[in-house]
Amino acid sequence: GIRFSTDVSEEEVKALSLWMTLKNAVAEIPYGGAKGGVRVDPDRLSQGEEERISRSYIRSISDQIGPDIDIPAPDMNTSSRHMAWRMDEYSLMRGRKVPGVITGKPVEMFGSEGRADATGFGAAYVIVEMLEDIDSDQVTAAVQGFGNAAEPAVRKLEELGVKVVAVSDHTGARYDENGLSYDELVSCDREHGIVCEVGDEIDNMDILELDVDILVPAAIQNVITEENADRISADYIVEIANGPTTREADEVLERKDVTLVPDILANSGGVTVSYYEWLQNRSGDYWTREKVLEKLRNNIQQAYRDFRDYRDSKGLYGRDAAYQMAAQRLVSARETLR
């Protein structure tokens, strides 16, 4: 993933690289793990500036990327359009089309069907597996966020019969104990650019403390901390955002017996479908949306079952179990070379 953010730093990129390595191991995707970024405020860039920065970035790292070396993808504040510019720039440098160098591209530019919904749908497919363990006639959820990952998750959860009672964006949060309508949320978001005029307004951070079955932090990092973890009322947390929960908060949540599905598993749908896109680019055989999402469902639900069985057999908390399982797979792979 390559992001545009004022917070980009060497330390952040190293941490994100480790997460990506562990995420691929948990999801059993045959990739390594890397991250990158440009320290810039995307809100202050024109479209032309975004394109020039995207192309310049690719020129700067062209020797370090390639279909058989390292394959960048979109991340925070970058989109399929940025990926198209980057793929085009790399192709111009090589004198031929090289679609497999970048994933997350528009479908019209060698992208994969289903890629835009992959992260949110992947988290929803994990929740499908969890529903068997939830003793409730009407499962409720609160989703902090309504962006590229959260919005498809809300849509899929509504299709599954989960009552989504709250969502949020950068302007605030909306709540309705009877459930929010996905269509109304999308209509308002597209008309005004914000989630508004649906349900009652609540504080963005209060959404984390609602009495729901499933809490889905899907916005930014470090929102569940030692200060508010004890006020979390949800029985299950499914992390779509990268790093929404601090390690200190994990200790509190474990004492409260809150079941946690960590980010490196719950949000692995995006990299999984990036892998599928790369496969399609290499083979020239492009799949239907239905085939992509069916393969994603099978892959991520099997990853969740492996995680659940490992967690329960070892008596570990969610994040520790996922990290340990991933580390063991990485060590096993390394040991085959000895």
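Please refer to the structure placed before this passage.
Here the structure is a predicted model, which means the values were calculated and not measured.

Chemist: Would you take a moment to explain the pattern of salt bridges for this structure?
Modeler: Where charged atoms from two side chains of opposite charge come close, those side chains can pair. Counting across every chain of the model gives 27 salt bridges. A salt bridge links E12 to R3; the shortest N-O distance between them is 3.4 Å. Judged by its relative accessible area of 4%, R3 falls in the buried class. Here E28 ties to R329 by a salt bridge, and the two come within 4.0 Å at their closest N and O atoms. Of this pair, E28 sits in the loop between α1 (10-27) and β2 (36-39) while R329 sits in helix α11 (residues 318-335), and the two are 301 residues apart along the sequence. Assessed through its relative accessible area of 53%, E28 is described here as exposed. Note on R329: relative accessible area 24%, which makes it partly exposed.

Chemist: Is there a simple way to think about the packing of helix α9 (residues 269-283) against helix α10 (residues 289-314) in this case?
Modeler: Angle between the axes and distance between the axes are the two parameters that describe a pair of packed helices. The geometry of α9 relative to α10 is characterised by a closest axis approach of 10 Å and an angle of 130° between their N-to-C directions. In this view, α9 runs oblique relative to α10, as classed from their interaxial angle. The two elements α9 and α10 cross, and the hand of that crossing is right-handed. Residues G269, T272, V273, Y276 and Q280 of α9 touch α10, and the partners they reach there are V292, K295, L296, N299 and I300. Residue composition of the contact of α9 with α10, by class: 5 nonpolar, 4 polar and 1 charged.

Here is what the cut-offs are and how they apply
Residues numbered from 1 in each chain as written. Predicted model: local features only at pLDDT ≥ 70, side-chain atom pairs only at ≥ 80, totals over all residues. Heavy atoms only, no water. Salt bridge = Lys/Arg side-chain N within 4 Å of Asp/Glu carboxyl O. Buried < 20%, exposed > 50% of the residue type's maximum accessible area, 1.4 Å probe, protein only. Helix = DSSP H or I, 4+ residues; strand = E, 2+ residues; numbered from the N terminus. Axes fitted to C-alpha atoms, helices over the stretch in contact; angles between N-to-C directions. Parallel < 35°, antiparallel > 145°, perpendicular 65-115°, else oblique. Left-handed = near helix turned anticlockwise from the far one by under 90°. Contact = heavy atoms within 4.5 Å. Nonpolar A, V, L, I, M, F, W, Y, C, P; charged D, E, K, R; others polar.

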